[in-house]
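Structure assessment
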Amino acid sequence: GGHIGVKSQRNHGACFDMFLPIRSTRYSADQRPEAGVYTHQPLNAHLLVVDDESSILAFVRELFESLGCTVSTCNAPSFALASFYADPMSFDLVILDQSMPGMSGIEVARQILASRHDLPIILFSGVDVPIIAADHETEAPAICRFLMKPVSCLELQNAVQELLRHNGDDKT
């Protein structure tokens, strides 16, 4: 499995983003993984992922399901809030895109945090994240992590695992 994203502009060329699954091979004590292969302990968490780009949702779902997570994806803030309010305690972490039609990621985070102030939230964006944080400094401290798109698998995995562990929700 995996995903390949393509972005192109006439007379400007093309950009290919390749997202490959994590290698799950277990090594004996005398074997060493190849350079660049990094594995995490399996996670046992329920993530809510909100992004208006279906390719991002598919990528994040596949990545974290391969790591042992249950992943609920929503392509619109209104669907995400409905899913969250249906069972707010079922979620261990939320990953939000900042720029979505109808409502920003920070606005969604504010509503979620009003019900679950302890829920870790990761906000990612294609716009410069420090600018977002500065523009929304009253809400930004409640968001645990800001990540800039495109985000690497390893960076996203590390952020999720660290926040779950910090909150005591990582049941590994």
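Conventions and cut-offs
- Here the residue numbering is sequential within each chain, running from 1 through the sequence in written order.
- Only residues with pLDDT of 70 or above have their local features reported here, since the model is predicted, and side-chain atom pairs are shown and tallied only from 80 upward, although totals for entire chains, interfaces and linings are computed over all residues.
- Just so you know, side-chain values use all the structure's heavy atoms and leave hydrogens and water out.
- Numbered from the N terminus, helices here are DSSP runs of H or I no shorter than four residues, and strands are runs of E no shorter than two.
- Any residue under 20% of the maximum accessible area for its type is buried, any over 50% is exposed, and the rest in between are partly exposed; the area is computed with a 1.4 Å probe on protein chains only.
- For this analysis, residues touch if any pair of their heavy atoms sits within 4.5 Å.
- Here, Shrake-Rupley sampling with a 1.4 Å probe gives the accessible areas, and only protein chains in the shown set may cover a residue.
- To qualify as a nonpolar core, a set must consist of buried Ala, Val, Leu, Ile, Met, Phe, Trp, Tyr and Cys residues joined through side-chain atoms within 4.5 Å.
- Between rings of Phe, Tyr and Trp, where Trp is taken as its six-membered ring, a pair exists when centres lie within 6.5 Å; planes separated by under 30 degrees are stacked, by over 60 edge-to-face, and by other angles tilted.
- Axis lines are fitted through C-alpha atoms, for helices just across the contact stretch, and the angle between N-to-C directions can take any value from 0 to 180 degrees.
- Here the word oblique covers every angle except those under 35 degrees (roughly parallel), over 145 (roughly antiparallel) and from 65 to 115 (roughly perpendicular).
- Any residue outside Ala, Val, Leu, Ile, Met, Phe, Trp, Tyr, Cys, Pro, Asp, Glu, Lys and Arg is labelled polar, Gly included; the first ten of those are nonpolar and the last four are charged.
- Note on convention: near helix rotated counterclockwise from far helix by under a right angle means a left-handed crossing. Clockwise means right-handed.
- What pLDDT reports is the predictor's confidence in each residue, on a scale of 0 through 100.
- Throughout, the arc means the angular range of directions from the helix axis out to the C-beta atoms.

Further remarks concern the overall build of the chain. Looking only at helices and strands, the chain features 5 helices and 7 strands. Taken from the N to the C terminus, the helices and strands of the chain come in the order β-β-β-α-β-α-β-α-β-α-β-α. Taking all 172 residues of the chain together, 40% fall into the buried category. For the chain, the share of sequence-separated contacts (at least 6 apart) that also reach a separation of at least 24 residues comes to 62%. Carbon and sulfur atoms form 52% of the exposed surface of the chain, whose accessible area is close to 9700 Å².

On to unusual backbone geometry. A cis amide bond links Lys149 with the next residue in sequence, Pro150, at an omega value of -5°. Mapped onto the secondary structure, Pro150 falls in the loop between β7 (145–148) and α5 (153–167).

Below, the discussion takes up the nonpolar core. If you look at the biggest cluster of nonpolar residues, it comprises 25 residues, and the most contacted ones within it are Phe64, Ile95, Leu156 and Val160. When residues of this core are traced back to their parent elements, those giving at least two are β3 (46–50), α1 (54–65), β5 (93–97), β6 (121–125) and α5. Once residues lying within four places of it in the same chain are set aside, the contact partners of Val160 are Leu43, Leu47, Phe64, Leu93, Ile95 and Ile122. One finds Ala109, Ile112, Ile121 and Ile143 within the second-largest nonpolar core, a separate group that totals 20 residues.

Moving on, we come to the environment of Met100. Mapping Met100 onto the fold places it in the loop between β5 and α3 (105–115). Of the residues examined, Met100 reaches a relative accessible area of 10% and is grouped as buried. Along the backbone, Met100 and Asp52 are 48 residues apart, and their C-alpha atoms lie at a distance of 6.0 Å. In this structure Met100 touches Val50, Asp51, Asp52, Pro77, Gly105 and Val108, once residues within four positions along its chain are discounted.

Here we take up the packing of aromatic side chains. Going through the model one piece at a time under the given rule, you end up with 2 aromatic pairs. Here the aromatic cluster, defined as three or more aromatic residues joined through ring pairs, consists of Phe84, Tyr85 and Phe91.

Let us look at the packing of helix α2 (residues 77–86) against α3. Two numbers describe how α2 lies on α3: the axes approach to 11 Å, and their chain directions differ by 10°. Regarding the angle of α2 to α3, the classification is roughly parallel. Contacts between α2 and α3 involve Pro77, Leu81, Phe84 and Tyr85 from the former and Val108, Gln111, Ile112 and Ser115 from the latter. Tallied by class, the residues present in the contact of α2 with α3 amount to 6 nonpolar, 2 polar and no charged.

We now examine the packing of α1 against α5. Across the interface, α1 lies against α5 with an axial gap of 11 Å and an inter-helix angle of 60°. Classified by the angle between their axes, α1 and α5 sit oblique to one another. Viewed along their axes, α1 and α5 form a crossing whose handedness is right-handed. Together, Phe59, Val60, Leu63 and Phe64 of α1 and Cys153, Leu156, Gln157 and Val160 of α5 make up the contact between the two elements.

Here we come to the confidence of the model for the chain. Per-residue confidence for the chain gives a mean pLDDT of 80; residues scoring 70 or more make up 69%. No element of the chain has a lower mean pLDDT than helix α4 (residues 129–135), at 52, and none a higher one than β3, at 98. Counted against residues more than four places away or in other chains, residues 32–38, with its pLDDT under 50, gives 8 contacts.

Another aspect to go through is α3. All buried positions along α3 are accounted for by Gly105, Ile106, Val108, Ala109, Ile112 and Leu113. For α3, the angular spread of buried residues about the axis comes to 155°, placing them on one side.

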